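# Commentary on secondary and tertiary structure
Now for the letters of each chain:
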Amino acid sequence: MKALTEGRYSGRDGIWAVFELGWNTQMRIGILEHDIGRVILKRDGGHRLDRGWSIAPNGGEPSYEGRARDSVEGFACPEASVTEQDGTVVLAAKGLTAIVTLSPFGIAWHRTGENRPFLQDRRTQAYFVSRKTGALQHVMARDDQERHYGLGDKAGPLDHTGRRFKIDAVDPCGFDAELSDPLYKMIPFLMVDGPTGAHGIFYDNLAVGEMDLGCTIDNYHGPFRSYSAQDGDLDFYVMAGPSVPDVVRRFSWLTGGQAFAPKWSLGFATTSMTIADAPDADARITDYIEKCRHHQIPCDSFHFGSGYTSIGHRRYAFNWNRDKFPDPAGTMRRLKEAGMQPVTNLKPCLLDDHPRLNEAMEQGILVKDGATEQPAVAQFWDGLGFHVDFTNPNGRTWWRNGIQSALLDYGVVTIWNDNNEYEIWDEDAVCNGDGRPFPQVLARAAQPLLMTKLSYEAQAAHTPGKRPYAITRGGAAGLWRYAQTWSGDNETAWKTLRFNLTQGLNMSLSGMFNIGHDVGGFHGPSPNAELFCRFVEFCALWPRMVMNSWKDDGIVNLPWMHESVIPQVRDVIKLRYRLMPYLYTQMWRASRENEPVVRPLFYSFPEDRSALDVQDSFMMGPDILVAPVLEEGAQDRQVYLPEHAGGWFDFHDGRHFEGGQIITVQAPLGRLPVFVRCGAIIPVTRQIDGIKPSTDTQRELIVFGAPQDVTHADLYEDDGDTSDWQGKGRLELRFQLQRSGRDFVMSLDTSGAYRPAFDTVSIHPVGIEGQIRIETPAGSIKVVQGKPAFQD
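Per an unreviewed UniProt entry, the recorded name for the protein chain is Family 31 glycosyl hydrolase, alpha-glucosidase, and the organism is Microvirga lotononidis. The Sequence similarities (unreviewed entry) comment attached to the protein chain in UniProt states, word for word, "Belongs to the glycosyl hydrolase 31 family."

So, in structure tokens, the structure goes:
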């Protein structure tokens, strides 16, 4: 590649400061918001791919055709000045400044009022392009004290420093949660936290790439990190922070935010390839429903593995195996009557003997081999096949009609987009591009993104007035606008618990707020009773809780698979339902305010340096600390409680602990260590047999400890799936508890027109001396004093 080391400033073009860098390249630098800068490198006067699908500021949804790469729509583009002096060009706006050195060429990004840059290009050769291929590289200086997070679903410890990751997507079934790379998603977003605060950088490039976070050491350059891509455009966004929450919220905003899923999707769910693969699959589903009733296990959805589509041992999209499922509509109806929403797995590859392959080929809706003009061949589960092209409008119509006629019309509620990593390795593969074709290597990850967008919109059109809910395993940045996702086909192993935890935290820091893990482990040996129970505990308080498995021995992960721990498994699942009002409120905040639900301890306690090193627990929202048992044979565990005024309370029994210390707590099977910060107000319910808003007639607030001055808590309610969740279909309750001498005053503000099944909220204090006086306006929701929590 050629190093671009010499620059010449050529003037302004709208918001852009423009530089010529040699080798027929041009760099454009602009400030889009008070805390967002952008850099675009053009080669030969244009772009390798003139559009993208990830950027959606202010909720500006890109079309299927993509957002024009040069667009600045949705951004404030504040007024900026440019000054040039002594080989330096300064682009400055309120909040953000880019100082550009012309020789050797490089950019230093500063926040207003700070002398030290928070992000600086490497002083020796920061930009590279290839004259022979589409390859490129960007290299930045790295401080040894910086920590690196993000990159989506990456394996290993929480801090990525010293690692090198491939930005690519494959189907790594049974992956090693510590070491495997790549996994399922292509998210070239990096967050850096260190001496100058936190900042983020997102590369809007959908080609295969690599992120080197200090793995490479070169004596000629000093510490550095780099991003490189095999093709595509160098087009990156800089988020100034300065805090970790600032960066996470801004990246979520930049890419369109998290879809607000219906409430039932937060309930416990089950799927298994083994059930849908069995010759008597329909009977096994009936048996599953009956066993849930018998064992009193709440379950709000059943996810069909792809075996429902089988002919022989192979799987065919939009086919129903009528030997296994003689009456699909009847099966869906039976599940719904049991309170379980049906979800079906769907894969975008048509095998080479698919019953409708000729139809798809005649319509030209498959990704093509540009050298032969025939469909591009790919290896799939059961043989060779061809992928539907979601950049082709005819392909989208064909797929949408299939979703409607083969799934939604039978009563399926949700599409689970699976095996959609688009492993087409043909270098000549071409996407239709809505009439403007482009090589697939430039945007392979756009296909699962558009596949998921299509299923989301098909469901919304099928049930107007209700919020759609989609699931995807693969995709690019922005997939969260449509879907829930998860860490993938994890291995049943003790170390999976530890590293799924850090993997999930990095997914959450990367904009994926609706996430979880396959309960019990998808692949590998069947878990023994202890590991199974610990898996259930570990997964119980993530947004997604789905028991999903495929085992060589045919033994399915089900709540009753080990009789010795059925009571413990039931209790942990019911703990999730007990906390459902709190979890649902956090999901609402995630969609409205770009706040992650699950976050590392340092996110909420940035001043506590000890919290930086904690990788074995997590925060659920701002108030609840979850410390799952991760070690075999353990009956207790050590937990670090961050420094916090007033300390912490055990959620189970109300015991008080000071913050800023490591404590040891008992953790027998079935008892998930959960702690609540002092001053928190946690909404809970007694409806622990499933999610049914129309019959959820009780709501309680547990007040954990006295606030130093004043504390607030939100409670969000609606009918569970209204599309009018930001309008009249909502009810927002904002509680305030304020100290008044030795006593306290509780007040309530409400907005929205929804009327829940409950008309009273009862207050239950923990560790509070003094009285709570309730002062709320007259209205439909009354607040009353209840007995202290944990009182016999």
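That was the structure; now back to the text.
## Thoughts on the sheet that holds strand β55 (residues 772-775)
One open sheet holds the four strands; their spatial order is β51-β52-β53-β55, and the pairing between them is mixed. Every interior strand has two partners, whereas the edge strands, β51 (710-717) and β55, have only one. Strand after strand, the sheet turns through a mean of 20 degrees between neighbouring axes, direction not considered. Relative to β55, strand β53 (residues 743-751) is paired through four bridges, and the arrangement is parallel. Bridging across to β55, M746 finds its partner in I774.

## Brief notes about the sheet that holds strand β56 (residues 782-785)
Strands sit in the order β49-β50-β54-β56 across an open sheet of four strands; the sheet is mixed. Since the sheet does not close on itself, it has two edges, and those belong to β49 (680-684) and β56, each with one partner. When the angles between neighbouring strand axes are averaged without regard to direction, this sheet yields 25 degrees. Sheet topology note: the strand β54 (residues 760-766)/β56 ladder contains four bridges and is parallel. Considered in β56, the bridge of S762 is made with V784.

## What to know about the packing of aromatic side chains
Scanning all chains against the criterion turns up 40 aromatic pairs. For the pair F260 and Y716, a centre-to-centre distance of 5.7 Å together with 70 degrees between the ring planes defines the contact as edge-to-face. Placement of the pair is F260 in the loop between α1 (244-254) and β23 (269-272) and Y716 in strand β51, with a sequence separation of 456 residues. When sorted by exposure, F260 lands in the same class as Y716, which is buried. With centroids separated by 5.6 Å and ring planes inclined at 55 degrees, the aromatic side chains of Y288 and F302 adopt a geometry described as tilted. Here Y288 is found in helix α3 (residues 281-295), whereas its partner F302 is found in strand β24 (residues 301-304), with 14 residues between them in sequence. Residues Y288 and F302 agree in their burial class; the two are buried. Put simply, the rings of Y288, F302, F304, Y308, W320, F325, Y410 and W560 pair up and form one aromatic cluster.

## A closer look at the UniProt feature "domain: Glycoside hydrolase family 31 TIM barrel" (unreviewed entry) in the protein chain
Feature annotation in UniProt assigns "domain: Glycoside hydrolase family 31 TIM barrel" (unreviewed entry) to the following positions: residues 259-586. Helix makes up 35% of residues 259-586 and strand makes up 18%, while its end C-alpha atoms are separated by 13 Å.

## Focus: the UniProt feature "domain: Glycoside hydrolase family 31 N-terminal" (unreviewed entry) in the protein chain
The feature "domain: Glycoside hydrolase family 31 N-terminal" (unreviewed entry), as given by UniProt, occupies residues 27-212 in the numbering adopted here. A helix fraction of 0% and a strand fraction of 45% characterise residues 27-212, whose end C-alpha atoms lie 23 Å from each other.

## A few points about the domain arrangement of the protein chain
Parsing the protein chain into structural domains produces domain 1 (600-677) and domain 2 (680-785). A straight line from the C-alpha centre of domain 1 to that of domain 2 covers 25 Å. Taken residue by residue, the interface counts ten residues in domain 1 and ten residues in domain 2. For domain 1, the biggest contributors to the area lost against domain 2 are F649, F651 and R677; these three give 56% of the whole. Linking domain 1 with domain 2 are zero salt bridges, by the criterion used here. Applying the counting rule to domain 1 against domain 2 returns one residue pair in polar contact (both at pLDDT 80 or more). At the level of secondary structure, the elements contributing two or more residues to the side of domain 1 that touches domain 2 comprise β45 (648-650) and β48 (674-677). Its residues assigned to classes, the side of domain 1 that touches domain 2 comprises five nonpolar, two polar and three charged.

## Details of unusual backbone geometry
Going from D181 to P182, the amide bond is cis rather than trans, its omega being 0 degrees. Looking at where P182 falls in the secondary structure, it is placed in the loop between β16 (164-167) and β17 (185-186). Note the cis peptide between G241 and P242, where omega equals 15 degrees. In this model, W23 sits at a positive phi of 55 degrees, which is unusual for a non-glycine residue. Secondary-structure assignment places W23 in the loop between β3 (16-22) and β4 (25-33). We note that N24 has phi near 60 degrees; this positive angle belongs to a residue other than glycine.

## Description of the pairing of strand β9 (residues 88-93)
The alternating pattern of β9 places V89, L91 and A93 on a buried face and T88, V90 and A92 on a face that is not buried. Relative to β9, strand β8 (residues 80-85) is paired through six bridges, and the arrangement is antiparallel. Note that in β9 the partner of T83 across the bridge is V90. Adjacent in sequence and paired antiparallel, β8 and β9 are bridged by two residues, among which D86 carries a positive phi angle near 50 degrees. Sheet topology places β9 next to strand β10 (residues 96-102); six bridges connect them, and they run antiparallel. Each bridged residue has a counterpart across the sheet, and for T88 the counterpart in β10 is T101. Between β9 and β10, which pair antiparallel one after the other, the connecting turn spans two residues, and G95 there sits at a positive phi close to 105 degrees.

## Let's talk about the packing of α3 against helix α4 (residues 328-337)
Where α3 contacts α4, the two axes come as close as 11 Å, and the packing angle between them is 5 degrees. Between α3 and α4, the angle falls in the class roughly parallel. Side by side, α3 and α4 meet where D282, I285, T286 and I289 of the first sit next to T331, R334 and L335 of the second. Taken together, the residues that form the contact of α3 with α4 break down as three nonpolar, two polar and two charged.

## Examining the side chain of S252
Mapped onto the secondary structure, S252 falls in helix α1. In this structure the side chain of S252 is engaged in a polar contact, spanning 2.6 Å, whose partner is the side chain of N594. Excluding anything up to four places from it in sequence, S252 contacts G257, Q258, F513 and N594.

## Re the pairing of strand β32 (residues 383-387)
The side chains of a regular strand alternate, residue by residue, between the two faces of the sheet. Most of β32 is tucked away, with four of its five residues classed as buried. Bridge count between strand β28 (residues 349-351) and β32: three bridges; the pairing is antiparallel. Counted as the bridge partner of L350 is F386 from β32. Direction of pairing for strand β31 (residues 378-380) relative to β32: antiparallel, over a ladder of three bridges. Looking at the pairing, A378 lines up with G385 of β32. Taking the residues that link successive antiparallel strands as the turn, the β31-β32 hairpin has two residues.

## Topic: the state of the cysteines
Applying the stated criterion to the full structure yields zero disulfides. With no disulfide partner, C299 has as its closest neighbouring cysteine sulfur the one in C292, 4.9 Å distant. You can see C533 has no disulfide; the closest cysteine sulfur is in C539, sitting 12 Å from it. In this structure C533 comes out as buried when scored by relative accessible area, which is 0%.

About the thresholds
- Residues numbered from 1 in each chain as written.
- Predicted model: local features only at pLDDT ≥ 70, side-chain atom pairs only at ≥ 80, totals over all residues.
- Heavy atoms only, no water.
- UniProt positions renumbered as here; feature names shortened; annotations may be inferred.
- Pairing = 2+ DSSP bridges.
- Helix = DSSP H or I, 4+ residues; strand = E, 2+ residues; numbered from the N terminus.
- Axes fitted to C-alpha atoms, helices over the stretch in contact; angles between N-to-C directions.
- Phe/Tyr/Trp six-rings, centres within 6.5 Å; stacked < 30°, edge-to-face > 60°.
- Buried < 20%, exposed > 50% of the residue type's maximum accessible area, 1.4 Å probe, protein only.
- Domains from an automatic or database assignment.
- Contact = heavy atoms within 4.5 Å.
- Buried area = accessible area lost by both parts, 1.4 Å probe.
- Salt bridge = Lys/Arg side-chain N within 4 Å of Asp/Glu carboxyl O.
- Polar contact = N/O pair within 3.5 Å; in protein donor to acceptor, adjacent residues only side chain to side chain.
- Nonpolar A, V, L, I, M, F, W, Y, C, P; charged D, E, K, R; others polar.
- Parallel < 35°, antiparallel > 145°, perpendicular 65-115°, else oblique.
- Disulfide = S-S within 2.5 Å.

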